[in-house]
Amino acid sequence: MMMAAIRCGEIARRGATRSALCWAARSLPARLGSTAGARPLPVDDGAGQWRLQGPHDVGGAAALLDGRIDTSPGAPPAFWERRAHALLVHLVGSGRLKVDELRRGIEQLDEKRYASWGYYDKWAASMATVMLERGLLTEDELDDALGRSKPAATAEFSAGDAVRVLPDAPGVSQWRRPHLRVPGYLFGAVGVVERFVGVFDDPEFLAFRGSGVPQPLYRVRFSQAALGWRDEGAAKPSAVEAEVYASWLEPASHAQLAAANAGEEAARPVRAGAAACAHGHGGHDHGSRYEVEARDVAAASPEAPGERLTEALVAALSKNGTIDLEALRTAVCKVDELAAPDYASGPAALGPRLVAKAWVDPSFRDALLRDAQQALAAHLHVDATNATAPTKLIVVPNTAETHNLVVCTLCSCYPLSILGLSPAWYKDIRYRARAVRTPRSLLAEFGTVIPEETTICVHDSTADCRYIVLPQRPYGTEGWSEKDLAELVTRDSMIGVHVPSITPQ
């Protein structure tokens, strides 16, 4: 079960599908200890060394070089996504969250779930993790905000009953790595109850200081064949008895038990990564559980996993006084402004105005390239600092010899105060992987062909710098006004995937 320990059945009755809410974003905090002095990373403790390259670190990844990127503008962010963004702004502004904490929570997702969750779904999961870590939110507060009701006691079994272990964690909202007391080799296995042990507090809730319904505990006996293993050939076959909580068990027929003990393939347990399916397969292939859930969400889910979690965070944090709803509304209005299509493009937009001014005013151009933030403050009275972190804005000019391209291979760092919210393709792992490794072919996908004699310089915004490309002024625009020139400049040309021209591209 997950940290929030939300029963999917309960949430489904409130309008979300099980697949959507059980799409897991596991984000256990990984603490590396103090960074004071020259302290090295911890040595291997027998459980494996720290993995330095997480699923977010995709720059140059060979597995992401094939296929095309969707370069279309994409749908505008939904209200809940803008609200999630605003919640981050509010929490950072009030000193209750640091952007690097948000990043760390996202970076610690496992690969498959990192790939399957949406951009703001990951934000919601990470913010929930940090709020719980900081003690600004309790398990019970979050569970109650998510609509938890105390479930009825689970089914009871007697000695001799045939039972099946669930093939996956019982219906819960898996936005965080669970603490499970059922070993994976038992998932989906059919056995027989040997005895009732007693009733215990559910450890899968206790691990995260939560509370759940006390669980009956049973000792269940499984044959080697039922576990999908070959017997060692002894006269008497071996067996395994394991302790399994009632929440993990469902009734099985004695025919299913007999089939399992006979080693029939259809009765074999589900191994890690296999799809959980309660019905007969009839020869069809489901794919992995992640693929099944992704298809279900794409086909039928009216609600993204992060939507319910964002709503719950706002409700719980406002109720306990951590956030101020009026300040959050102000932040939402600002995010709405950043999301507007005309924020980054058009003659009134800041980005096109600064480019057009640099094209006609050499002194401004020099100041912009020397210190962009100071130049914008002095000439356009604009504060170009990121609202959630002290960033440095750098303007890089295209020339006949060099074409510049901006990316963030680790996440989505981007000068949103100038360009508005980043487009979906900028956050796409394929764009992030290819930009640094195959920039020419990447640009070709956007319809931009760079001459072979021109160097492409990719600027990877991995820390506290934000980059804007200053495109070359198109030929044939001599004598144009700044307003007319600004009409030629788009957000994409300031990222470097397009080149301004007089003729439409």
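Residues numbered from 1 in each chain as written. Predicted model: local features only at pLDDT ≥ 70, side-chain atom pairs only at ≥ 80, totals over all residues. Heavy atoms only, no water.

**So, the overall build of the protein chain**
Going by this rule: Strands are runs of DSSP state E lasting at least 2 residues, helices are runs of H or I lasting at least 4, and numbering of each runs from the N terminus. Partly exposed residues are those whose accessible area sits between 20% and 50% of the maximum for their type, while under 20% is buried and over 50% is exposed, using a 1.4 Å probe and protein chains only. Residues are treated as being in contact if the distance between any of their heavy atoms lies within 4.5 Å. Each accessible area is a Shrake-Rupley estimate made with a 1.4 Å probe; only the visible protein chains count as cover when residues are assessed.
Within the protein chain one finds 21 helices and nine strands. Per-residue burial over the protein chain gives 49% buried out of 505 residues. Taking all contacts inside the protein chain whose residues are at least 6 apart in sequence as the whole, residues at least 24 apart take part in 76%. For the protein chain, the accessible surface area stands at approximately 23700 Å², while carbon and sulfur atoms represent 53% of it.

**A word on the packing of aromatic side chains**
Put simply, the test is: Any two of the Phe, Tyr and Trp rings considered here, Trp counted by its six-membered ring, make a pair once their centres fall within 6.5 Å; the pair's planes then place it as stacked at under 30 degrees, edge-to-face at over 60, or tilted in between. The criterion is that NZ of a Lys, or CZ of an Arg, lies within 6 Å of the ring centre and within 35 degrees of the ring normal, and then a charge sits over that ring.
Counted under the stated rule, the structure contains 13 aromatic pairs. Arranged with centres 5.7 Å apart and planes meeting at 40 degrees, the rings of Tyr426 and Tyr431 form a pair that is tilted. The pair formed by Tyr426 and Tyr431 is uniform in burial state, with each residue classed as buried. Members of the aromatic cluster, each reached through a chain of ring pairs, are Tyr414, Trp425, Tyr426, Tyr431 and Phe446. Against the face of Phe364 rests Lys357, its NZ or CZ located 5.6 Å from the ring centre.

**Some points on the pattern of salt bridges**
Cut-off, in case you're wondering: Think of a salt bridge as a Lys or Arg side-chain nitrogen and an Asp or Glu carboxyl oxygen that are within 4 Å of each other.
One pass over the full model with this rule turns up 15 salt bridges. Among the ionic pairs, Arg430 bridges to Asp428, the shortest N-O distance being 2.7 Å. On the basis of relative accessibility, which here comes to 16%, the residue Asp428 falls in the buried class. Residue Glu445 is joined to Arg434 by a salt bridge in which the shortest nitrogen-to-oxygen separation is 2.7 Å. Taken together, the residues span a long stretch of sequence, with Glu445 in helix H19 (residues 439–445) and Arg434 in helix H18 (residues 429–437) at a distance of 11 residues. Here the two residues Glu445 and Arg434 agree in accessibility, since each one is buried.

**Regarding helix H4 (residues 99–107)**
Of all nine residues in H4, seven are buried; the element is thus mostly enclosed. Those residues of H4 lying buried are Val99, Glu101, Leu102, Arg103, Arg104, Gly105 and Ile106. Among the structural elements, helix H3 (79–93), helix H5 (111–116), helix H6 (119–134) and strand E9 (465–470) are those in contact with the buried residues of H4.

**Observations regarding the packing of H3 against helix H11 (residues 305–319)**
Condition: Only the stretch in contact is used when a helix axis is fitted, and all axes are lines through C-alpha atoms; the angle between N-to-C directions ranges over 0 to 180 degrees. Any angle from 65 to 115 degrees is called roughly perpendicular, while one under 35 is roughly parallel, one over 145 is roughly antiparallel, and all others are oblique. Rotating anticlockwise by less than a right angle from the far helix to the near helix defines a left-handed crossing, while the corresponding clockwise rotation defines a right-handed one. Following the grouping adopted for this structure description, the nonpolar residues are Ala, Val, Leu, Ile, Met, Phe, Trp, Tyr, Cys and Pro, the charged ones are Asp, Glu, Lys and Arg, and the polar ones are all others, Gly among them.
Contact geometry of H3 with H11 gives a least axis separation of 10 Å together with a crossing angle of 45 degrees. Viewed along their axes, H3 and H11 adopt a mutual orientation that is oblique. Here H3 runs over H11; the crossing is left-handed. Here Trp80, Arg83, Ala84 and Leu87 of H3 come into contact with H11, specifically with Gly306, Glu307, Thr310, Leu313 and Val314. Partitioned by chemical class, the residues of the contact of H3 with H11 number five nonpolar, two polar and two charged.

**Examining the pairing of strand E7 (residues 402–407)**
Just so we agree on the cut-off: Any two strands with at least two DSSP bridges between them are considered paired.
The buried fraction of E7 is high, at five of six residues. Sheet analysis places E7 next to strand E8 (residues 455–460), joined by six bridges and oriented parallel. Within E8, the residue paired with His403 across the bridge is Ile456.

**Some thoughts on the state of the cysteines**
Here is the rule we go by: The definition used for a disulfide is geometric: two cysteine sulfur atoms within 2.5 Å.
This structure, assessed with the given rule, holds zero disulfides. Free of any disulfide, Cys408 has its nearest neighbouring cysteine sulfur in Cys411, separated by 3.6 Å. Cys408 sits in the buried class, given a relative accessible area of 0%.

**Section: the nonpolar core**
For the record, the criterion: The nonpolar core is taken to be a set of buried Ala, Val, Leu, Ile, Met, Phe, Trp, Tyr and Cys residues, with the residues joined through side-chain atoms within 4.5 Å.
Ranked by internal contacts, the top residues of the largest apolar core, which has 87 residues, are Met127, Leu142, Leu368, Leu376, Ile418 and Tyr431. Broken down by element, the residue count for this core peaks at nine residues, all from H6. Each residue touching Ile418, except ones within four places of it in the same chain, is listed here: Tyr343, Leu350, Gly351, Leu354, Leu376, Ala384, Leu393 and Ile468. Ranked by size, the runner-up nonpolar core spans 19 residues in total, among them Val163, Phe187, Ala242 and Val244.

**Quick look at the side chain of His90**
Examined against the element boundaries, His90 turns out to sit in helix H3. Beyond its immediate stretch of four places on either side in the chain, His90 contacts Ile323, Asp324, Ala327 and Leu328.

**Details of the sheet that holds strand E1 (residues 162–165)**
With antiparallel pairing, five strands are arranged side by side in an open sheet as E4-E3-E2-E1-E5. A strand with exactly one partner marks an edge of an open sheet, and here the two such strands are strand E4 (239–245) and strand E5 (249–251). In this sheet, adjacent strand axes meet at a mean angle of 40 degrees when their direction is disregarded. Taken together, the seven bridges between strand E3 (residues 215–223) and E4 define a ladder with antiparallel strand orientation. Across the sheet, residue Tyr218 finds its bridge partner in E4, namely Val244. Its contacts with the sheet place helix H9 (residues 254–261) against E1, strand E2 (190–200) and E3, and it is angled at close to 115 degrees to E2.

**Looking at H9**
Quick note on the threshold: Note that the arc is defined by the directions from the helix axis to the C-beta atoms.
Burial in H9 covers these residues: Leu257, Ala259 and Ala260. Relative to the axis of H9, the buried residues are bounded by an arc of 165 degrees and lie together on one face. Facing away from the buried side of H9 by more than 90 degrees, the exposed set consists of His254 and Ala255. In this fold, the buried residues of H9 make contact with E1, E2 and E3. Positive phi appears at Gly263, one or two residues downstream of H9, with a value of about 75 degrees.

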